[in-house]
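Structural overview
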Amino acid sequence: MTSERSVPDSANPDVVLVGGGIMSATLAQLLHLVAPEWSVAVFESGSAVAGESSGPWNNAGTGHAALCELNYTPAGPDGQVDPSKAITINEQFQVSRQFWSHLVRAGMTGSPKDFISPVPHLSFVSGEQGRSYMRNRYAALSAQPLFAEMEYSESQAELADWLPLMMEGRDAEQVVAATRSAAGTDVNFGALTRLMLDDAATRGVNVHVNQRVDALERESDGRWKVTVRDTRSGDRVTMRTRFVFVGAGGGALPLLQQAGIPEIRGFGGFPVSGMFLRSRSPELVSRHQAKVYGQAAVGAPPMSVPHLDLRLIDGEYSLLFGPYAGFSPKFLKAGSMFDLPRSVKPNNLGSMLGVARTEMALTKYLVGELLQSRSARHRTLQAFVPTAEQDDWDMVTAGQRVQVIKQDPKTGKGVLQFGTELIVGGDGSIAGLLGASPGASTAVSAMLTLIERCFPQRLDAWRPRLREAIPSYGRPLNDEPALLAEVRAETMQTLELNG
């Protein structure tokens, strides 16, 4: 028999964070920095925090800084590469590094090596067209202070030193080109999330697991009534709060729809599951000490960019290659098969149907991925690692990603967006995050934007504390090389990234 009760008004938290992932963990820490007197409660539906997209096997662990990801540096019709998106993403990752450094200095338990380690980031292409693009990309990026240390090569002999596993067995006449950055990192976002929430709990944040937020209802006094269900007993508790953040990954869209805020109208979601080939062979790992990103096939979506990554998870090194896409109507790995159909509403039906009509390339890509045999997947790997043996690799299922579908304000048609979208209710009392990559790597910037949009009247008072933790806050590092050098040196030392 289940029960429902309301908590006493004196026990109502000032802030409710829905979801125990990297976004909620980051916001909990930022709010403690600027408003330590506020009471904060985190509700996670799983049995542990960081069980969905933040889990280390559910993402590539790339500290996304645009050092290797070619989809952040598109080429125009004239072949020239636009570095603006890469600059923005690198700036955002520098903000994350500064805040993580602040937390380490402030006494967050554990060693930085528990969640971040230095791993070179490389981009790799083949063929004349690929080499031409890579030359233009290198020219555009290396002129920017953020990317000034990037190296370029089209010599197979030099690339054999950089990437011995990938170059062995390759056609000696093949045209290849690559860039390399020693500033790259591998990040265990699951470990980082746990460290941040454990630390937040010691400061008074109440972190609850096996607790699913089922309903959000706006009350006449402006507060939000939050209904929480215990996933084991079925018992329900209601509470009231002044501010709600929905950081529940793929589960954010249904909750924001249920809350009924007008800002979510027109938004939909398209779930895509991911898979990776994994090798734990010490011999292979020793010959690939890097993260290497290539180019997506012609007509394939950005999510299909192939990459071969060195990973360090719980003290063990492995290699991941992928991603191979799949499809499930679930919005979370632990979600429901009815998540997608339930998310279709009269106000987003046009957007959903519009994307279904226009994104034929995505449809073909997903169908092709679903029909791929094990040997076909292995052939894709061999384009990266010519000598790869099938028995050295096993398939692991990664997390669910819900790609954002939104309405184009100019055309009124639905468009598929590969990125993240912050949704803020009109009065700033509720916000949620939709989307995927670069997600976790830019969590600090995303949550700073949330603070700026939801609490603008408090920002002047909070800015000094934010700048103490994040010296570059509000200042573009790419325009201030001296500050960039200072920030890099400090974060490298504090996060133990010097090797």
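Bear in mind that the values here come from a model prediction, so they are computed numbers and not experimental data.

1. So, the pattern of salt bridges
Here the structure, examined in full by the defined rule, presents 22 salt bridges. The residue Arg232 makes a salt bridge to Asp230 at a minimum N-O spacing of 3.2 Å. With relative accessibility at 13%, the residue Asp230 sits in the buried group. Notably, a salt bridge pairs Glu421 with Lys406, separated by 3.3 Å at the nearest N-O pair. With Glu421 in strand β20 (residues 420–424) and Lys406 in strand β18 (residues 394–407), this residue pair connects regions lying 15 residues apart in the sequence. Through salt bridges with shared partners, a single network forms among Glu128, Arg131, Arg135 and Glu154.

2. With respect to empty space enclosed by the protein
Enumeration over the complete set of coordinates arrives at 2 cavities of 30 Å³ or more. Of the pockets and cavities examined, the largest cavity occupies roughly 60 Å³. At the level of secondary structure, the elements contributing two or more residues to the lining of the largest cavity comprise α7 (252–259), β14 (268–279), β18 and β21 (430–435). Sorting elements by how many residues they give to the lining of the largest cavity places β18 first, with 3 residues. Across the lining of the largest cavity, the residue classes tally to 5 nonpolar, 6 polar and no charged.

3. Digging into the packing of aromatic side chains
Inspection of every chain in the model, using the stated rule, returns 9 aromatic pairs. Ring geometry for Trp100 and Phe115: centres 6.1 Å apart, planes at 85 degrees, overall edge-to-face. You can see Trp100 sitting in helix α2 (residues 84–105) and its partner Phe115 sitting in the loop between α2 and β4 (116–118), a full 15 residues away along the chain. We classify Trp100 as buried; its relative accessible area is 1%. Overall, the relative accessible area of 2% leaves Phe115 in the buried class. Ring centres of Phe321 and Phe384 lie 5.3 Å apart, and the angle between their planes is 55 degrees; on these two criteria the pair is classed as tilted. Of this pair, Phe321 sits in strand β17 (residues 316–326) while Phe384 sits in helix α12 (residues 374–384), placing them 63 residues apart in sequence. Summarising the burial analysis for this pair, Phe321 and Phe384 share the class buried. It is Arg242 that lies over the ring of Trp38; its NZ or CZ is 5.1 Å from the centre. In this arrangement the basic side chain of Arg278 is found over the ring face of Trp57, its NZ or CZ atom lying 4.9 Å from the centre.

So, how was this worked out
Residues numbered from 1 in each chain as written. Predicted model: local features only at pLDDT ≥ 70, side-chain atom pairs only at ≥ 80, totals over all residues. Heavy atoms only, no water. Salt bridge = Lys/Arg side-chain N within 4 Å of Asp/Glu carboxyl O. Buried < 20%, exposed > 50% of the residue type's maximum accessible area, 1.4 Å probe, protein only. Helix = DSSP H or I, 4+ residues; strand = E, 2+ residues; numbered from the N terminus. 1 Å grid on protein atoms, 1.4 Å probe; cavity = no way out; pocket = protein on both sides within 12 Å on 5 of 7 lines; lining within 4 Å. Points joined across faces, edges and corners; volume = space filled by probe spheres on them. Nonpolar A, V, L, I, M, F, W, Y, C, P; charged D, E, K, R; others polar. Phe/Tyr/Trp six-rings, centres within 6.5 Å; stacked < 30°, edge-to-face > 60°. Lys NZ or Arg CZ within 6 Å of the ring centre and 35° of its normal.

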